[in-house]
Amino acid sequence: MAVALALGACERAPQRSDSASELKKTAEQQGPVQQTKLQPNKATLSPSRCWDLLNDNGLNLQCFYWQDAHLEQRSRALRISSSLVPAEHLLIYVAGGPGLGALTAENWAQYWLDWYAEHKPGFDLLIYDAPGVKGSSAYWRCSAYENTALALTSQNISLKNEVEQLDALLKTCLYDYDQRLKKQGLERGLHAFNALDFAESLQGLVNAMAYDSVHLWGVSYGTRVAMLAGENKKVKSLVLDGVYPLSKGGLFEQLNSVQRSYRLHQRLAKELMGENYDYLTQYQNYEAQLKQQTQTFRVQLWPSGEPLTIVLTPERLYQLHFQLLYAPQQAKLWYRFLQQPAKYQKALQRMLETVINSAFDRDFNSLLAITANCQDAAPVAKNDYDKLAAQVDVGPFDWQWWWQVDICGDDVFAVQQNIVDRDQLTTLLKNKRILISGGRWDPVTPSAWAHESLGDLNAEWLLEFQHQGHASFASWPCAGPVLDRFVSGETLRFKCKQASEAFWQLLAFDQAGQPRN
């Protein structure tokens, strides 16, 4: 299942190819970006045809293209409102990934139209595709790389062998993508894909919208972009779901996330299965079985229904273990499987199908994700990495080896290195109202980051969902009313009749970090 793709945002790369050397020259010529403030720019808007969607509530749906004045790329956007007259407030959804796109495609457009109809907010909602993602002129998929990675899931090979087979192909794809962008007029090529440049582009979109009161709703990586774009004078507030601090990321966080994932499962398993359930023991017992004899499963790719064979190895088991924390509602079935593998084979097959389709989502630009994550993170010295890796005693392989194959450490990328520090960011976001949300079981942007950011950003509120994983705020039945009150500056209420306490148990923390009802 291309474990290497999902173990971290940046993968592969023991040795440089000629194509990588070309990218390195570009990086050396440009040097690292030192800019810490956004430059003024304004996107150009032009109308486009909208999808013929189910719209029983008579909502107003406006579709348009926006020409990015910063990166000079064209992308799609759509605005949903309750009437033809613009509301006082505009909320812009800033998606995560980085690389998640097609948010203006028919299926996603219908989702957001239904979401708006269900929640009935008083603000207008803007959904956009960022430069480089599906839905923008800078989007490109490297089919050779992704098809090869997909095919390798049917082979009983180690992660190291998988990386070796994909390394040169990945670098070729990155080089081809870089050249393609330059031919389109984007002189910096792949080096234009990073949090600061995405924020520059978003600022141009903010400036192009005829609203004086704009609010940014960032999700996961999108919280980084929202925080950097938040200095814009038109931006009045930020909603940060699964906050991803600018100081985080890179190889150290990959190692931290490994240990964190086992700790979270250990705690969650005891809550769901009882104090006597030892997750690590159950997991390692099944892992040992796979080392002796791998298992083969048949799943389907969505939406084509094409069959795919997956050989479940210990390394691919780790990926499943990690991904299940995104949706902890499935965890109980997972724990039961580890207790009785023979009885829950069908359940495991369904879990694998979900994970494989997530890893190879056609709406996701993996090349952009690799590039952006690598450029945002500071390089890691091998000695420093080895010290931390030596402390990681869980997982399917020797983590010290991972540093050698991390493409983020290659000279291919021009590293941004700490765009703004914590104090600068606090100053830039002064007088901005900030609401943070997160899931207690989030393995990627853990709740500890949310609590740190509550103080660092002087946020008004932190909403911590006790039974959720990563970035679940949009699914919360109370999301619309809470967002409505927040952008309007009203007193927040955190309960609604539609939200089941068993599923959506919530702890709300005020600016001082004190829990409030």
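As the structure is a computational prediction, the values presented were derived from the model and not from experiment. (Residues numbered from 1 in each chain as written. Predicted model: local features only at pLDDT ≥ 70, side-chain atom pairs only at ≥ 80, totals over all residues. Heavy atoms only, no water.)

Colleague: Just give me the short version of helix H8 (residues 251-273), but keep the residues and values in it.
Modeller: Between the first and last C-alpha of H8 there are 33 Å, a value that for 23 residues agrees with the 33 Å anticipated at 1.5 Å per step. Where H8 terminates, the next one or two residues include Gly274, which has phi positive at roughly 110 degrees. (Helix = DSSP H or I, 4+ residues; strand = E, 2+ residues; numbered from the N terminus. Expected span 1.5 Å × (residues − 1).)

Colleague: So what's going on with the side chain of Arg224? Which residues, and what values?
Modeller: Relative to the helices and strands, Arg224 is located in helix H7 (residues 221-229). A distance of 2.4 Å separates the side chain of Arg224 from the backbone oxygen of Lys248, its partner in a polar contact. (Polar contact = N/O pair within 3.5 Å; in protein donor to acceptor, adjacent residues only side chain to side chain.)

Colleague: Describe in detail the side chain of Thr371, supporting the description with residues and values.
Modeller: Mapped onto the secondary structure, Thr371 falls in helix H13 (residues 366-376). With a relative accessible area of 0%, Thr371 lands in the buried category. From its side chain, Thr371 meets the backbone oxygen of Leu367 in a polar contact 2.9 Å long. (Buried < 20%, exposed > 50% of the residue type's maximum accessible area, 1.4 Å probe, protein only.)

Colleague: So what's going on with unusual backbone geometry? Residues and values would help.
Modeller: Along the chain, Gly97 connects to Pro98 via a cis peptide bond; the corresponding omega equals -10 degrees. By the element assignment, Pro98 lies in the loop between strand E4 (89-94) and helix H3 (106-119). A cis geometry characterises the amide bond from Trp302 onward to Pro303, with omega recorded as -5 degrees. Assignment of secondary structure puts Pro303 in the loop between strand E8 (295-300) and strand E9 (307-312).

Colleague: Mind laying out the nonpolar core, listing which residues take part and the relevant values?
Modeller: One recurring pattern in soluble globular proteins: nonpolar side chains tend to sit buried together. By size, the foremost hydrophobic cluster in this structure holds 123 residues, and its most contacted members are Leu216 and Trp334. Residues in contact with Leu216, not counting those within four places in the same chain, are Leu91, Ile92, Leu202, Val206, Ala226, Ala229, Gly230, Val235, Ser237, Leu238 and Val239. Counting residues in each nonpolar core, the second largest holds 41 residues, with Ala117, Phe123, Trp476 and Phe494 among its members. (Core = buried A, V, L, I, M, F, W, Y, C linked by side-chain atoms within 4.5 Å. Contact = heavy atoms within 4.5 Å.)

Colleague: Please give an account of the packing of aromatic side chains that cites residues and values.
Modeller: Under the definition given, this model contains 30 aromatic pairs. Residues Trp112 and Trp115 carry aromatic rings whose centres are separated by 5.8 Å and whose planes lie at 65 degrees to one another, so their mutual orientation is edge-to-face. A residue pair is termed a helical-turn pair when its members lie 3 or 4 positions apart in one helix, as Trp112 and Trp115 do in helix H3 at three residues. The exposure class assigned to Trp112 is buried, which follows from its relative accessible area of 1%. Look at Phe473 and Trp476: their rings are 5.7 Å apart centre to centre, the planes differ by 55 degrees, and that puts the pair in the tilted class. We classify Trp476 as buried; its relative accessible area is 1%. One aromatic cluster is present, built from ring pairs that chain together Tyr93, Trp108, Tyr111, Trp112, Trp115, Trp217, Phe465, Phe473, Trp476, Phe503 and Trp504. The residue whose ring lies beneath Arg224 is Tyr244, and the NZ or CZ to ring-centre distance is 3.9 Å. The ring of Phe486 carries the charged tip of Arg433 above its face, separated from the ring centre by 4.2 Å. (Phe/Tyr/Trp six-rings, centres within 6.5 Å; stacked < 30°, edge-to-face > 60°. Lys NZ or Arg CZ within 6 Å of the ring centre and 35° of its normal.)

Colleague: Tell me about the sheet that holds strand E1 (residues 44-47), and name the residues and values.
Modeller: Ordered in space as E1-E2-E3-E5-E4-E6-E7-E10-E11-E12-E13, the eleven strands form an open sheet in which the pairing is mixed. Because the sheet does not close on itself, it has two edges, and the strands there are E1 and strand E13 (515-516). Relative to strand E10 (residues 433-439), strand E7 (residues 235-241) is paired through five bridges, and the arrangement is parallel. Looking at E10, one finds that Leu238 is bridged to Ile434. In the packing of helix H16 (residues 447-456) onto the sheet, contacts are made with E10, strand E11 (461-465) and strand E12 (506-509), and the angle to E11 comes to roughly 170 degrees. (Pairing = 2+ DSSP bridges. Axes fitted to C-alpha atoms, helices over the stretch in contact; angles between N-to-C directions.)

Colleague: I'd like to hear about H3, residue by residue, with values.
Modeller: When the terminal C-alpha atoms of H3 are compared, their 20 Å separation across 14 residues agrees well with the 20 Å that a helix rising 1.5 Å per residue should span. Restricting attention to buried positions, one finds in H3 the residues Ala109, Gln110, Trp112, Leu113, Trp115, Tyr116, Ala117 and His119. Lys120 lies just past H3 and shows a positive phi near 50 degrees.

Colleague: Describe the environment of Val206, and please don't skip the residues or the numbers.
Modeller: Within the secondary structure, Val206 is located in helix H6 (residues 195-208). Linking Val206 and Leu90, residues 116 residues apart in sequence, is a C-alpha distance of 9.5 Å. Once residues lying within four places of it in the same chain are set aside, the contact partners of Val206 are Ile92, Val214, Leu216, Asn232, Lys234 and Val235.

Colleague: Which residues make up the environment of Val311, and what values go with them?
Modeller: Position of Val311 relative to the elements: it lies in strand E9. Assessed through its relative accessible area of 7%, Val311 is described here as buried. Separated by 157 residues in sequence, Val311 and Ser154 have C-alpha atoms that sit 5.2 Å apart. The residues touching Val311, leaving out its near neighbours within four places in the chain, are Thr153, Ser154, Gln155, Asn156, Thr294, Gln295, Thr296 and Arg316.

Colleague: Now, about the packing of H8 against helix H10 (residues 314-323): what can you tell me, with residues and values included?
Modeller: As a packed pair, H8 and H10 sit with axes 10 Å apart at the nearest point and diverge in direction by 65 degrees. Remark: the crossing between H8 and H10 carries left-handed chirality. Between H8 and H10, the contacting residues are Ser257, Val258, Ser261, Tyr262 and His265 on the first element and Tyr318, His321 and Phe322 on the second. (Left-handed = near helix turned anticlockwise from the far one by under 90°.)

Colleague: I'd like to hear about the state of the cysteines, residue by residue, with values.
Modeller: Taken as a whole and judged by the stated rule, the model has three disulfides. Note on cysteine connectivity: Cys142 is disulfide-linked to Cys173, with sulfurs 1.8 Å apart. Here the S-S torsion is close to -40 degrees, and the disulfide linking Cys142 with Cys173 is therefore left-handed. Of this pair, Cys142 sits in the loop between strand E5 (124-128) and helix H4 (143-152) while Cys173 sits in helix H5 (residues 159-183), and the two are 31 residues apart along the sequence. Side by side, Cys142 and Cys173 carry an identical accessibility label, which is buried. Residue Cys478 pairs covalently with Cys496 via a disulfide, S to S 2.0 Å. An S-S torsion of about -95 degrees defines the bridge between Cys478 and Cys496 as left-handed. (Disulfide = S-S within 2.5 Å.)

Remember that the coordinates give geometry; whether it matters functionally is a separate question.
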